[in-house]
Amino acid sequence: MIEIKDLHVSIEDKEILKGINLSIKPGELHAIMGRNGSGKSTLSNVISGRDGYTITKGSITWYGQDLLKLSPEDRACEGIFMGFQYPVVIPGVNNMYFLKAAYNAQRRYKGEEELDSMDFISLIKTKIKEVKLDESFLQRAVNDGFSGGEKKRNEILQMITLEPKLAILDETDSGLDIDALKIVAEGVNNFRNPQRGFLVITHYQRILNYMDPDRIHVMIDGKIVKSGGRNLALKLEQQGYGWLDEAAAV
Amino acid sequence: MAKSIDTSAITKHYQREFERLHGNSNGSLTAWRRAALDQFSASGLPSSKQEDWRNLNLGPISGEYFVATPAPELDLFNNLDFKYLPRTPRLVFVNGYFTAELSDLSQLSDEVKINSLTYLLKTDPKQVAKAVLGNTPESTNPFDRLNAAFFNSGVKIDLPARLIDPVTIQLIFITRPTSDNQVFHLRNLINIGSGSQLNLVEQYIGLGELNYFNNVVTDVVVEENGGFECTKIQAETPSGNQLSNTILNQQTDSRSKSLTVSMSGKLVRNNLLLALRGEGAHGDLNGLYLGRHNNVIDNHTLIDHIVPNCTSAELYKGILDENAQAIFNGKIIVQPDAQKTNANQINRNLLLSDKARVHTNPQLEIDADDVKCSHGSTTGELDSDTLFYLRSRGISTAEAQALMVNGFANEVLETISDDATRELVINMVSDWFINKSEIS
């Protein structure tokens, strides 16, 4: 579904990504692990279309088309979702209203009929149960006064409501206690199907204990230096990133 | 440099007007009016060098000879657009004159005394004299003095003590001038008896394209344990001006909540004094100002903590687009006796264009030592992280911006207690956002 080839990205002339190659097929769950500052979040931001990055070389194609030409909203409507590491607080904007605006914007893009308020309410009420958030969160302003775990569960709620083809979870596990982590992982696991891809970006392998990744990539200094199966995560857990630094230096 | 104004010509003009309108009258009210006019003549119009009028160009209302108008012909309001006409008891004024045809007081309790000042000035000037002489403290504001000299309409509302049910009244002031440079001096005198509650919606609606000037003075007294909630909506035309002076006096254990929503207007200047005179009184002072084109909106608020154990909370927010300019000057005074005061003030501004400007100036004057006071002020553009967050969910840039701007305003609008009033104001504000490019 998504094909990243030799991607080089700079922020204000400083090169952050130095030739990333990554291909995700429907049904696969890929994990990218790496220390802070290795470029993991830059990769997810570039895929979802955030401003401020210069692509100096390489390409990202999405079902054969040039993804980099699309606006962030069109990428979302095409089926790419990013769960934010730091979800923003939007005072004064009702969470339900926001979810409905996003849901209907994507329906319009696809030429589908919008859901009216009644239908949307019944839809969202079934979805919110899956992330174990109280319905009262729908009537609050977006992420306003939410705890860290509640914000992340609200991200998962958006994911399962918008039903993307590719879900990128950017350090969704950071700052979560074990219970919240399980809820988030369960949300992802229930949401997996043969048509849907995942890219889970994380600092720690902890969340991967609750998921079943097909492929794990280690990113150091803007490059993927090692790819492998589940065992790679366990090795990182035991030995840290140090043994890979040499590979990165090449 | 602001253009210099020939003050003596202006004061002479208003003296001539006074002779035309009140030259043949006498009595205590006329004497009081004449004294106010003399004070106005002595001070002249304020200049932007004066502290209270800094940054404000008074050109729109000081460069013209504004003339008082006779009562309008009936056909003037036959074709008014009543998109926002509310349902509950209402008094409608057109060009300053009470119009019974558009008003509806059928659901109003008999216990509430309500009269147009035009009527009272004709039938019982002594009652008006008693009210203004007793209520109104010596004002140093030139426009307040001008209003004292000339006011010929407005409303007098008296709520008796201990009414069981809150009273809701809507005042609608429609301005549709019949020629350029008309001035309307309105005065509202409101007294809320002990333990009673008044919910007031005060709407100013400007129509047409002619230049005009509304000069409004509102005097409110909330007696012991009384309550007052006021939602004032100023929707003047791009060539309409409004200066308003509101004095809100609160006695022991009384509560007030006032919201001033200013949208449009060539020049809008609001002076609001909240005087906490009795212990245990609480006042909420909220405001939302929306400016575009060349609108100038100036809010000067003063919260005066006179006695101990009073609390006040102030939230003013502004959204400014195109060439609009706003001033927020929020002063809090805590007098030496006013121990255990709790006062906080917040002013937030959102600038939607490079040319929009805001001057914000919080002032705290604290002369007591056991108090809690805070203030904060921010001015910024739409947050780019929030915009990206919304877009990353599939929402277009335009829709995302509208969501954010509405969200910014909602924090203030959600303070309105009454559902119907809140809905009315939210609809008016939404329309203001949608009509972005309609009037220019």
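As shown above, the structure is provided for reference.
Along each chain, residues carry numbers from 1 onward, in the same order as the chain's sequence is written. For naming, the first written chain is A and the first written ligand is 1, with later ones following in the order written. Selection of residues for local features in this predicted model requires a pLDDT of at least 70, selection of side-chain atom pairs for listing and counting requires 80 or more, and totals for whole chains, interfaces and linings are taken over all residues. Excluding hydrogens and water, the side-chain values take into account all heavy atoms of the structure.

**What about the sheet that holds strand β9 (residues 166-170) of chain A?**
All names here are of chain A. Strands pair, by our definition, only if DSSP identifies at least two bridges between them. Only DSSP runs of H or I reaching four residues or more are called helices, and only runs of E reaching two or more are called strands; each is numbered from the N terminus. Ordered by their spatial adjacency, six strands build an open sheet running β6-β9-β10-β3-β11-β12, and the pairing between neighbours is mixed. If you trace the sheet from one side to the other, it starts and ends with β6 (80-83) and β12 (223-228), each paired once. Strand-to-strand twist in this sheet, taken as the mean axis angle between neighbours without regard to direction, amounts to 20 degrees. Across four bridges, strand β3 (residues 29-33) lies against strand β11 (residues 215-220) in parallel orientation. Counted as the bridge partner of A31 is I216 from β11. As a rule, the C-alpha atoms of each element are fitted with a line to give its axis, helices using only the stretch in contact, and angles between N-to-C directions run from 0 to 180 degrees.

**Structural notes on the interface of chain B and chain A**
The contact criterion used throughout is that any non-hydrogen atoms of two residues lie within 4.5 Å. Chain B puts 17 residues into the contact, and the matching count from chain A is 32 residues. Buried area: the sum, over both parts, of the accessible surface (1.4 Å probe) that disappears when the two are put together. Counting the surface lost from both chain B and chain A, the interface buries some 1900 Å², and carbon and sulfur atoms represent 64% of this. Interface area lost by chain B to chain A is led by F388, Y389 and R393 of chain B, which between them contribute 42%. By definition here, a salt bridge exists when the distance from a side-chain nitrogen of Lys or Arg to a carboxyl oxygen of Asp or Glu is within 4 Å. The tally of links between chain B and chain A comes to four salt bridges. A salt bridge links E155 of chain A to R393 of chain B; the nearest nitrogen and oxygen atoms lie 2.8 Å apart. For this analysis, a polar contact is any N or O atom pair within 3.5 Å, provided that within protein one partner can donate a hydrogen and the other can accept it, and provided that sequence-adjacent residues contribute only side-chain to side-chain pairs. Remark: the boundary between chain B and chain A carries 11 residue pairs in polar contact (both at pLDDT 80 or more). If you list the elements that add at least two residues to the side of chain B that touches chain A, you get α7 (384-391) and α8 (397-413) of chain B. A per-class count over the side of chain B that touches chain A returns six nonpolar, seven polar and four charged. In this classification, Asp, Glu, Lys and Arg are treated as charged, Ala, Val, Leu, Ile, Met, Phe, Trp, Tyr, Cys and Pro as nonpolar, and every other residue, Gly included, as polar.

**So, the sheet that holds strand β16 (residues 311-320) of chain B**
Residue and element names in this part refer to chain B. Spatially, β3-β2-β6-β8-β10-β12-β14-β16-β18-β20 is the arrangement adopted by the 10 strands of the open sheet, whose pairing is mixed. Edge positions in the open sheet fall to β3 (97-98) and β20 (372-380), since each of these has one partner strand only. Where strand β10 (residues 227-235) lies against strand β12 (residues 255-263), nine bridges are found, and the strand directions are parallel. Across the sheet, I233 pairs through a bridge with V261, a residue of β12. Docked against the sheet, α8 engages β12, β14 (282-291), β16 and β18 (342-351), running at close to 155 degrees with respect to β16.

**Some thoughts on helix α1 (residues 40-48) of chain A**
Residue and element names in this part refer to chain A. Per-residue accessibility, obtained with a 1.4 Å probe over protein chains only, is compared with the maximum for each type, and a residue is labelled buried under 20%, exposed over 50%, and partly exposed between these values. Within α1, eight of the nine residues are buried, which leaves the element mostly enclosed by the surrounding structure. Within α1, burial applies to K40, T42, L43, S44, N45, V46, I47 and S48. Remark: G49 follows α1 within two positions and exhibits a positive phi of approximately 95 degrees.

**Focus: the environment of D367 of chain B**
Within the element layout of this structure, D367 of chain B appears in the loop between β19 (357-366) and β20. Taking the C-alpha atoms as reference points, D367 of chain B and Y119 of chain B, 248 residues apart in sequence, are found 45 Å from one another.

**A short note on the state of the cysteines**
Residues and elements named next belong to chain B. For the purposes of this analysis, a disulfide is any pair of cysteine sulfur atoms at a distance within 2.5 Å. Applying the stated rule across the entire model yields zero disulfides over all chains. For the unlinked cysteine C230, the closest cysteine sulfur is that of C310, found at 20 Å. According to the relative accessible area criterion, C230 is buried, its value standing at 8%.

**Notes on the packing of α7 of chain B against α8 of chain B**
Residues and elements named next belong to chain B. Direction vectors running N to C along α7 and α8 enclose 125 degrees, while the axes themselves pass 9 Å from each other. Taken as axis vectors, α7 and α8 run oblique relative to one another. Once α7 is placed against α8, the crossing between them reads as right-handed. Here T386, L387, L390 and R391 of α7 come into contact with α8, specifically with T397, A400, Q401, L403 and M404. Looking at side-chain class alone, the contact of α7 with α8 contains five nonpolar, three polar and one charged residues. The cut-offs work like this: below 35 degrees is roughly parallel, past 145 is roughly antiparallel, 65 to 115 is roughly perpendicular, and the gaps in between are oblique. It is the rotation of the near helix from the far one that decides the hand of a crossing: anticlockwise by less than a right angle makes it left-handed, clockwise makes it right-handed.

**Section: the pattern of salt bridges**
Tallied over the full model, the rule gives 24 salt bridges over all chains. Measuring nitrogen to oxygen at the nearest pair gives 3.0 Å for the salt bridge that ties D214 of chain A to R192 of chain A. Taken as a pair, D214 of chain A in the loop between β10 (197-202) and β11 and R192 of chain A in the loop between α6 (178-191) and β10 lie far apart in primary sequence, 22 residues in all. Here R34 of chain B makes a salt bridge to E19 of chain B, at a shortest N to O gap of 3.1 Å. Of this pair, R34 of chain B sits in helix α2 (residues 28-43) while E19 of chain B sits in helix α1 (residues 7-22), and the two are 15 residues apart along the sequence. Classification of R34 of chain B by relative accessible area gives partly exposed; the value is 31%. Residue classification places E19 of chain B among the partly exposed residues on the basis of a relative accessible area of 43%. Connected through salt bridges with shared partners, the residues R108 and E114 of chain A together with E399 of chain B form a single ionic network.

In short, the description is geometric, and any link to function would need to be established separately.
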